[in-house]
Amino acid sequence: METPQRYIHGAALLATGLLAGAFGYGAANVIPTFGAVPLDVRLTFHTTMMKVNEPIMQSAMALAILTTFGLAIAGRGRVRLLALGAGALALTSLLVTVFGNVPLHARFREWAAGPVPDGYAETFRRWELFHDLRTLTALAAFVLIITIAVVNRPSSRQGE
């Protein structure tokens, strides 16, 4: 792999790894905590966390998208195809967030300020489904970027 491409690959590894790790942490730790606390605590925590989390995570997704598509532009052959796949998956994470999770955050803010409607648990389940989907797409993007490193790794022995 040429040096500039290696730097882009390193940036894509970092960006997709951070994205998958952040979403994975939420799935493994935050969501189960949401289910273990009273509803008013969940809503207060969720809405407060999202004020900080939304711009940070959307920036992380944008960075993952830019670096993976940048690697696709710089790469050739299998590298290009894997990087395009990773970029499409990172873009999917962003789209799921923007059109799935973020609109539900607006509902949660309303509920925190006023009455919670009957059937609220179904809306929480939908938010969790969207979160699981964006976590899986971010993880798959990371795996594809790791695969590029494995596929392009020079042989450890000469002549093989």
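Above this text you will find the structure in question.
Values in this document were obtained by computation on a predicted structure and should not be read as measured data.

Parameters at a glance
- Residues numbered from 1 in each chain as written.
- Predicted model: local features only at pLDDT ≥ 70, side-chain atom pairs only at ≥ 80, totals over all residues.
- Heavy atoms only, no water.
- Core = buried A, V, L, I, M, F, W, Y, C linked by side-chain atoms within 4.5 Å.
- Buried < 20%, exposed > 50% of the residue type's maximum accessible area, 1.4 Å probe, protein only.
- Helix = DSSP H or I, 4+ residues; strand = E, 2+ residues; numbered from the N terminus.
- Contact = heavy atoms within 4.5 Å.
- Polar contact = N/O pair within 3.5 Å; in protein donor to acceptor, adjacent residues only side chain to side chain.
- 1 Å grid on protein atoms, 1.4 Å probe; cavity = no way out; pocket = protein on both sides within 12 Å on 5 of 7 lines; lining within 4 Å.
- Points joined across faces, edges and corners; volume = space filled by probe spheres on them.
- Nonpolar A, V, L, I, M, F, W, Y, C, P; charged D, E, K, R; others polar.
- Salt bridge = Lys/Arg side-chain N within 4 Å of Asp/Glu carboxyl O.

A. Spatial organisation of the nonpolar core. In terms of nonpolar packing, the biggest core is built from 11 residues, these being Ala15, Leu19, Ala20, Phe23, Met57, Met61, Ala64, Ile65, Ala90, Leu94 and Ala138. Every element with two or more residues in this core is listed here: helix H1 (3-36), helix H2 (39-74) and helix H3 (77-113). Excluding residues within four positions of it along the chain, Met61 makes contact with Leu19, Phe23, Ser93, Leu94 and Thr97.

B. Examining the side chain of Ser93 more closely. Mapped onto the elements, Ser93 comes out in helix H3. What makes Ser93 buried here is its relative accessible area of 0%. In terms of polar contacts, Ser93 uses its side chain to reach the backbone amide nitrogen of Ala138, at 3.3 Å. When residues no more than four places from it in sequence are discounted, the contact partners of Ser93 are Phe23, Met61, Arg134, Thr137 and Ala138.

C. Examining empty space enclosed by the protein more closely. On inspection of all chains with the given rule, the structure shows 1 cavity of 30 Å³ or more. Considered as a void within the structure, the largest cavity measures approximately 50 Å³ in volume. Surrounding the largest cavity, Phe23, Met50, Asn53, Glu54, Met57, Gln58, Met61, Thr97, His105 and Arg134 form its lining. When residues of the lining of the largest cavity are traced back to their parent elements, those giving at least two are H2 and H3. Among the elements that take part in the lining of the largest cavity, H2 stands out by supplying 6 residues, more than any other. The residue inventory of the lining of the largest cavity, partitioned by class, reads 4 nonpolar, 4 polar and 2 charged.

D. Region of the structure containing the pattern of salt bridges. As enumerated under the stated definition, the model contains 2 salt bridges in all. Glu128 is the partner of Arg42 in a salt bridge, and the nearest nitrogen-oxygen pair spans 3.4 Å. Remark: Glu128 occurs in helix H4 (residues 120-151) and Arg42 occurs in helix H2; sequence separation between them is 86 residues. Owing to a relative accessible area of 6%, Arg42 belongs among the buried residues under this scheme. The salt bridge partner of Arg125 is Glu122, with a shortest N-O separation of 3.3 Å. In this pair, Arg125 and Glu122 both sit in helix H4, 3 residues apart, roughly one turn of the helix. Using a relative accessible area of 48% as the deciding quantity, one classes Arg125 as partly exposed.

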